[in-house]
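These are the residues of each chain, in order.
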Amino acid sequence: MKFLVTGGAGFIGSAFVRLLLQDPDGSRAVLNLDKLTYAGNLENLASIADDARYRFVHGDICDAALVNSLVAEEKPEVIVNFAAESHVDRSILSPAPVFETNLRGTFTLLEAARTHQTPRYVQISTDEVYGSIDPPHEADENFPLRASSPYSASKAGADLLTLSYFVTYKMPVTVTRASNNYGPYQFPEKLIPLMISNALEDKPLPIYGDGQQVRDWLYVDDHARAILAVIEHGRAGEIYNIGGSRALPNLDVVREILAAVGKPESLMQTVKDRPGHDRRYALSSEKLMRETGWQARVPFEEGLRATVEWYRSNAAWTARIKSGEYQKYYQSNYGGRAV
Ligand code: NAD
Ligand code: DAU
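Scope of this entry: the structure provided in the associated data block. As the structure is a prediction and not an experimental result, all values here were calculated from the model.

**Focus on the site of ligand 2**
So, step 1. Looking at ligand 2, there are 26 residues lining it, with Thr126, Asp127, Glu128, Tyr151 and Arg274 nearest.
So, step 2. A distance of 2.5 Å separates an oxygen atom of ligand 2 from a polar atom in the side chain of Asp127.
So, step 3. Compared with its free state, where it exposes 690 Å², ligand 2 has 95% of that area covered by protein.
So, step 4. For the shell around ligand 2, the secondary structure elements donating two or more residues are helix H3 (88–93), helix H6 (191–200) and strand S8 (205–208).
So, step 5. Along the lines of polarity and charge, the residues of the shell around ligand 2 split into 11 nonpolar, 8 polar and 7 charged.

**Brief notes about the site of ligand 1**
So, step 1. Near ligand 1 there are 28 residues, and of these Ile12, Asp34, Ser86, Tyr151 and Lys155 occur at the shortest range.
So, step 2. Within the backbone of Ile61, a nitrogen or oxygen atom sits 3.0 Å from a nitrogen atom of ligand 1.
So, step 3. Take Thr101: an N or O atom from its side chain is 3.0 Å from a nitrogen atom of ligand 1.
So, step 4. For the shell around ligand 1, the secondary-structure elements that each account for two or more residues are helix H1 (11–20), strand S5 (120–126), helix H5 (150–169) and strand S7 (180–182).
So, step 5. Looking at which element gives the most residues to the shell around ligand 1, the answer is S5, with 3 residues.
So, step 6. Considering only residue class, the shell around ligand 1 consists of 12 nonpolar, 12 polar and 4 charged.

**Topic: the nonpolar core**
So, step 1. In terms of nonpolar packing, the biggest core is built from 32 residues, with Ile192, Ile257 and Phe300 touching the most fellow members.
So, step 2. When contributions to this core are tallied by element, the ones reaching two or more residues are H6, S8, strand S9 (214–219), helix H8 (250–261), strand S12 (268–271), helix H10 (300–313), helix H11 (315–322) and helix H12 (326–334).
So, step 3. Broken down by element, this core gets its largest block of residues, 6 residues, from H8.
So, step 4. Every residue in contact with Ile257, bar those within four places of it in the chain, is listed here: Ile192, Met195, Ile196 and Leu304.
So, step 5. Formed by 30 residues, the second largest nonpolar core is a distinct cluster that contains Ile48, Tyr54, Ala178 and Ala229.

The rules we used
The written sequence of each chain sets the order in which its residues are numbered from 1. The naming scheme follows written order: chains are lettered A onward, ligands numbered 1 onward. Totals for whole chains, interfaces and linings use all residues, but because this is a predicted model, local features are given only for residues with pLDDT of at least 70 and pairs of side-chain atoms are given and counted only at 80 or more. Hydrogens and waters are ignored; side-chain quantities use all the structure's heavy atoms. Whether a residue is near a molecule or strand is decided by its heavy atoms; if any one of them lies within 4 Å of it, the residue is near. Here a polar contact is taken to be a pair of N or O atoms separated by no more than 3.5 Å, where protein atoms must pair a possible hydrogen donor with a possible acceptor and residues adjacent in sequence count only if both atoms sit in side chains. All accessible areas in this document rest on Shrake-Rupley with a 1.4 Å probe, and a residue is counted as covered only by the protein chains that are shown. The secondary structure listing takes helices from DSSP runs of H or I that are at least 4 residues long and strands from runs of E that are at least 2 residues long, numbered from the N terminus. Here the nonpolar group is Ala, Val, Leu, Ile, Met, Phe, Trp, Tyr, Cys and Pro; Asp, Glu, Lys and Arg are the charged ones; every other residue, Gly included, is treated as polar. Nonpolar core, defined: a set of buried Ala, Val, Leu, Ile, Met, Phe, Trp, Tyr and Cys residues in which side-chain atoms within 4.5 Å join the residues together. Burial classes follow relative accessibility: with a 1.4 Å probe on protein chains only, a residue under 20% of its type's maximum area counts as buried, one over 50% as exposed, and anything between as partly exposed. Contacts between residues were defined by any pair of non-hydrogen atoms, one from each residue, lying within 4.5 Å.

Rendered as structure tokens:
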């Protein structure tokens, strides 16, 4: 089976590519189309870069001519669209790239899939499209959309566009909506890798507001396996939630990180809250489990320990990221935010 994976040099896309190429009978081939934005990193794919079944193309999913020629020539059986501007804080600071990639890019891929009658298209989306959810409720796939940030609005728009291709053109599309991922190779702008890497360097850990916001944590390899389960067993025209069933307040997560790294809680620093900050995400994955048999395998404590160990042993990976554009981003997001 031939896969076109977009955004395969990012955090989750690279975990999915690595999983695909673990294929025991060697029958999968992967074409990875990635623009290599600040978040794209070919080091994430070093372990499979020389695999004869793998090909990398450096390009933009908004480039209709490129996308069309790749789909025409390679005739993938499945397109999986991970490519996105994925960080909420960056989407608040600078929404234009979010609109381009997350909406126009999705449209460009869908049009190529329509033209060339790609047998399967999977849109990788997020639980953020449901907005903040009051306890004790969990969002199922029929929950109303209530996006709070330019990022989540762009993902909700892309979901609706994708699903419209099923209704209008009878295209075999599927949308997956996952909760917060964590694990190795995550860019240190998101909560868990940022806190681990700052703690390892004895730098302050910026806590937005009261730190009581709740997120449902999913280990990245469990997410990758869920996407494969949806491709193998899911139905076209459907949405599948993918949650980790481990909802925790941010402060608990950060305390656990500090304990694992062996650093004092005095490193935590309260900073001004994120504008439009969603208070609580909570997801039901009942449909996914019932229809595909998927279950999360990695308990949070085990996944977090493995993640801390990965960042400890891969300090050079983080240092390379932190030496570039990252400093400018860090200053614009966190500068003058202390309370
Ligand atoms: P990431 O930021 O780590 O990686 C994004 C990748 O997309 C990078 O390799 C980047 O170079 C590439 N990219 C960006 N714009 C592109 C373009 N125009 N053309 C081609 N490539 C482009 O993101 P991630 O955390 O791995 O998220 C992957 C997907 O999963 C996204 O669609 C995101 O919305 C979704 N998602 C993420 C999470 C999470 O917790 N990180 C949870 C649920 C859903
Ligand atoms: O829920 C799925 C989403 O999870 C994905 O769609 C997004 O791509 C991904 O970035 C993530 O979004 P969040 O906004 O939930 O993740 P983030 O890691 O940015 O923040 C998690 C929580 O931690 C949130 O309540 C904000 C808080 N936070 C975050 C950072 C970066 C802090 O308190 N301090 C910080 O410095």
